[in-house]
Amino acid sequence: MAAEARRPSGEGSSPEPPPASAIIVGAGARGKTYAQYGLEHPDRLRIVGVAEPRAHHRNIVQQRFDLPPEAVFTDWTQLAARPRMADAVIIATQDTMHVAPAMAFADLGYHILLEKPMAVSTHDCQRIADAAKRNNVLLAVCHVLRYTPYMRKMIELIRSGAIGEVVNVSHLEPIGSWHFAHSYVRGAWRREDESSFMLMTKCCHDIDLIRHIVGKSCQRVASFGSVSHFRRDKKPPGAGMRCLSCSVEPTCPFSAKRLYLDPCREGHRGWPISGITDGEPTPPDVEEALSSGPYGRCVYECDNDVCDQQVVSMEFDGGVTATLTTAAFTHKVCQRHTRVFGTRGELEGDGDSELVWFDFATRARKVIHTGTAPATTRMTGHGGADYHLADAFVQALRQRDPTRVLSGPDETLESHLIVFAAEAARRSGQVLSVPTALKHGLHAAAAAATGAARG
Ligand SMILES: NC(=O)c1ccc[n+]([C@@H]2O[C@H](COP(=O)([O-])OP(=O)(O)OC[C@H]3O[C@@H](n4cnc5c(N)ncnc54)[C@H](O)[C@@H]3O)[C@@H](O)[C@H]2O)c1
């Protein structure tokens with residue numbers, strides 16, 4: 001089947017290339033999201049296998065795509081132990097479980113759609129990029145935001161000179177209070193040793209976007225941030241250990257009862273409720289999860305250690321500057337706000353579908369609506385970016401056109417390395433040279449910064 005999908009559309013054949021084929025590694029929230037593209041466009045993408053240890057999620061994919069038992073596995077290593085059975089693999093395991101399958105499937109010749117972050121160390125990110133290049137396979141890292149019509153339009157305007165030379169970018173990632181409590185205080189991304197630091201797990205997207213907008217190499221970074229609120233000494237007097245037995249719960253902004261149980265009783269079943277039980281959530285299951293599982297814990301009594309707010313300052317080639325602000329304490333949930341200041345004008349984006357372009361010479365203010373995802377898709381996550389990323393990857397496979405992939409190994413590696421350098425800057429309290437960090441490692445950059453400060 002893989003060979004068939006790779007066949008060029010020769011003369012006399014249909015102008016439409018055959019569908020690409022893919023296997024899913026990790027059929028959790030993200031793996032099923034990308035598989036959805038195959039449900040909506042079976043003429044473009046066929047899902048032909050799955051590896052997933054959790055029976056409920058594995059069965060969903062098996063049933064949706066009518067997979068035979070011999071194409072269904074409980075562990076990615078079983079899939080990697082057999083000859084290549086598809087054009088591509090979609091790797092959507094958790095952060096610390098990207099490097100091993102990415103290397104193995106690259107060596108088997110699979111094209112790869114890899115969830116972000118690439119990996120959780122600079123060394124492993126480099127190994128993945130090298131493996132993709134060595135094997136001459138496509139590697140698209142899921143920096144979904146690069147792919148939206150909104151961001152494509154912003155980049156088109158900037159590259160066309162619409163606002164002159166870019167001199168500064170100001171970017172906000174509002175994580176959202178309940179979202180932060182779910183994912184980064186009680187959930188899978190709360191501890192650095194189990195996933196990675198917050199700037200990587202949440203904002204590698206944002207540093208990547210800033211680098212993409214500026215279009216130049218980053219030279220220096222500084223950063224500040226901390227666990228400012230979700231810690232024991234901020235616990236309100238009288239609060240309990242779990243929301244279901246807490247006297248303060250009715251007025252607590254982070255009540256797990258209000259986030260999961262009340263909406264479930266009203267019939268809601270989607271994320272984040274779906275993320276706290278193993279199968280389809282029901283009110284008794286959710287109540288049980290809150291009574292004994294991690295998602296019912298008081299947010300001031302968790303074992304979290306990742307920053308709940310952080311700022312990063314960056315200096316790029318030519319003195320272009322940029323700042324990223326991210327915080328848990330926002331009402332918007334991940335709807336970024338980006339302002340790009342140029343020598344001839346200014347662009348302001350709402351992170352979704354609206355751009356405002358102001359021209360200094362004419363004083364004209366133009367509002368541009370770009371739209372998000374097609375009305376027909378259910379892949380509306382990240383302002384439609386999930387759809388556009390999957391579409392670009394599949395089209396790159398079918399058309400044999402790697403230029404459709406906007407987040408390949410080189411650009412992703414570069415923006416990930418800025419993220420690592422920024423985090424090292426936060427920890428050391430120093431302004432770090434990104435080229436030094438890239439060339440000689442983060443420790444060397446910190447040592448050089450110490451020397452510079454002393455000198
Ligand atoms: N691009 C984005 O905007 C975005 C958004 C959210 C999450 N993510 C990233 O996507 C990845 C997955 O996140 P998620 O929310 O889907 O997590 P998830 O926990 O829902 O899914 C991960 C799945 O991997 C499975 N798995 C574990 N061991 C496995 C093995 N040996 N073989 C095969 N599968 C295995 C788990 O059972 C689970 O179902 C993470 O790296 C996360 O940071 C990216």
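Worth saying up front: this structure is predicted, and the values here are computed from it rather than measured.

Chemist: Requested: an account of the sheet that holds strand β10 (residues 321–327), with residues and values cited.
Modeler: Pairing is mixed across the open sheet formed by nine strands, whose spatial order is β14-β13-β12-β11-β7-β10-β9-β8-β15. For this open sheet the edge positions go to β14 (365–369) and β15 (432–433), each flanked by a neighbour on one side alone. Bridge count between strand β7 (residues 166–174) and strand β11 (residues 337–342): six bridges; the pairing is antiparallel. Following the sheet pairing, Val169 is matched in β11 by Val340. Each of β7, β11, β12 (345–349), β13 (354–359) and β14 is contacted by helix α7 (residues 149–159), which is oriented at about 15 degrees to β13, the strand it contacts most. In this fold helix α14 (residues 409–428) packs onto β8 (218–226), β9 (309–316) and β15, with an angle of close to 50 degrees to the strand it touches most, β8.

Chemist: Break down the nonpolar core for me, with residues and values.
Modeler: Across soluble globular proteins, nonpolar side chains show a tendency to be buried alongside one another. One finds Ile23, Phe105, Met154, Val221, Met314 and Val340 to be the most contacted residues of the largest nonpolar core, which totals 129 residues. In terms of domain composition, this core takes at least three residues from each of domain 1 (2–142) and domain 2 (146–227 + 305–380 + 405–454). Discounting residues that sit within four places of it in the chain, Val340 has contacts with Met154, Ile158, Ile163, Val166, Asn168, Val169, Ile213, Gly345, Glu346 and Leu347. Ranked by size, the runner-up nonpolar core spans 12 residues in total, among them Cys243, Leu259, Leu261 and Cys264.

Chemist: Describe the domain arrangement of the protein, naming the residues involved and giving the relevant values.
Modeler: Domain assignment breaks the protein into domain 1 (2–142), domain 2 (146–227 + 305–380 + 405–454) and domain 3 (232–296). Across the contact, nine residues belong to domain 2 and 10 residues belong to domain 3. Carbon and sulfur atoms supply 66% of the area buried between domain 2 and domain 3, which totals about 850 Å² over both sides. On the domain 2 side of the contact with domain 3, Trp178, His182 and Arg186 bury the most area, a combined 76% of that side's loss. Inspection of the domain 2/domain 3 interface yields zero salt bridges. Our enumeration of links across domain 2 and domain 3 arrives at three residue pairs in polar contact (both at pLDDT 80 or more). When its residues are assigned to classes, the side of domain 2 that touches domain 3 shows three nonpolar, five polar and one charged.

Chemist: Tell me what's going on with the UniProt feature "domain: Gfo/Idh/MocA-like oxidoreductase N-terminal" (unreviewed entry) in the protein, and back it up with residues and numbers.
Modeler: Sequence positions flagged by UniProt for "domain: Gfo/Idh/MocA-like oxidoreductase N-terminal" (unreviewed entry) are, in local numbering, residues 23–142. When the span residues 23–142 is considered, its composition is 41% helix and 19% strand, and the gap between its end C-alpha atoms is 16 Å.

Chemist: Hey, could you go over the site of the ligand for me, with residue numbers and the actual values?
Modeler: The local shell around the ligand holds 24 residues, among which Arg30, Glu52, Arg54, Asp95 and Glu115 are the closest. For the ligand, an oxygen atom lies 3.1 Å from a polar atom in the side chain of Gln94. Contact distances for the ligand include 3.0 Å between an oxygen atom and a side-chain N or O atom of His98. Burial of the ligand by the protein chains amounts to 85% of its free accessible area of 850 Å². In terms of residue class, the shell around the ligand is built from 10 nonpolar, seven polar and seven charged.

Chemist: Pulling in residues and values, what's your account of the packing of helix α10 (residues 204–214) against α14?
Modeler: Where α10 contacts α14, the two axes come as close as 9 Å, and the packing angle between them is 115 degrees. In the crossing of α10 with α14, the sense of the turn from one axis to the other is right-handed. For the pair α10 and α14, contact is made by Cys204, Ile207, Asp208 and Arg211 and by Glu411, Glu414, Ser415, His416, Ile418 and Val419, respectively. Here the contact of α10 with α14 is composed, by residue class, of four nonpolar, two polar and four charged.

Chemist: Can you explain unusual backbone geometry? Please cite residues and give values.
Modeler: With an omega of -10 degrees, the peptide bond running from Lys116 to Pro117 counts as cis. Its place among the elements puts Pro117 in the loop between β5 (111–114) and α6 (122–134). A cis amide bond links Trp271 to the next residue, Pro272, at an omega of 10 degrees. Tracing the sequence through the fold places Pro272 in the loop between α11 (256–265) and α12 (283–292). The phi angle at Cys334 is positive, at roughly 60 degrees, despite the residue not being glycine. Topologically, Cys334 is positioned in the loop between β10 and β11.

Reading the values: the criteria
Residues numbered from 1 in each chain as written. Predicted model: local features only at pLDDT ≥ 70, side-chain atom pairs only at ≥ 80, totals over all residues. Heavy atoms only, no water. Pairing = 2+ DSSP bridges. Helix = DSSP H or I, 4+ residues; strand = E, 2+ residues; numbered from the N terminus. Contact = heavy atoms within 4.5 Å. Axes fitted to C-alpha atoms, helices over the stretch in contact; angles between N-to-C directions. Core = buried A, V, L, I, M, F, W, Y, C linked by side-chain atoms within 4.5 Å. Buried < 20%, exposed > 50% of the residue type's maximum accessible area, 1.4 Å probe, protein only. Domains from an automatic or database assignment. Buried area = accessible area lost by both parts, 1.4 Å probe. Salt bridge = Lys/Arg side-chain N within 4 Å of Asp/Glu carboxyl O. Polar contact = N/O pair within 3.5 Å; in protein donor to acceptor, adjacent residues only side chain to side chain. Nonpolar A, V, L, I, M, F, W, Y, C, P; charged D, E, K, R; others polar. UniProt positions renumbered as here; feature names shortened; annotations may be inferred. Near = heavy atom within 4 Å. Areas by Shrake-Rupley, 256 points an atom, 1.4 Å probe, with all protein chains shown as cover. Left-handed = near helix turned anticlockwise from the far one by under 90°.

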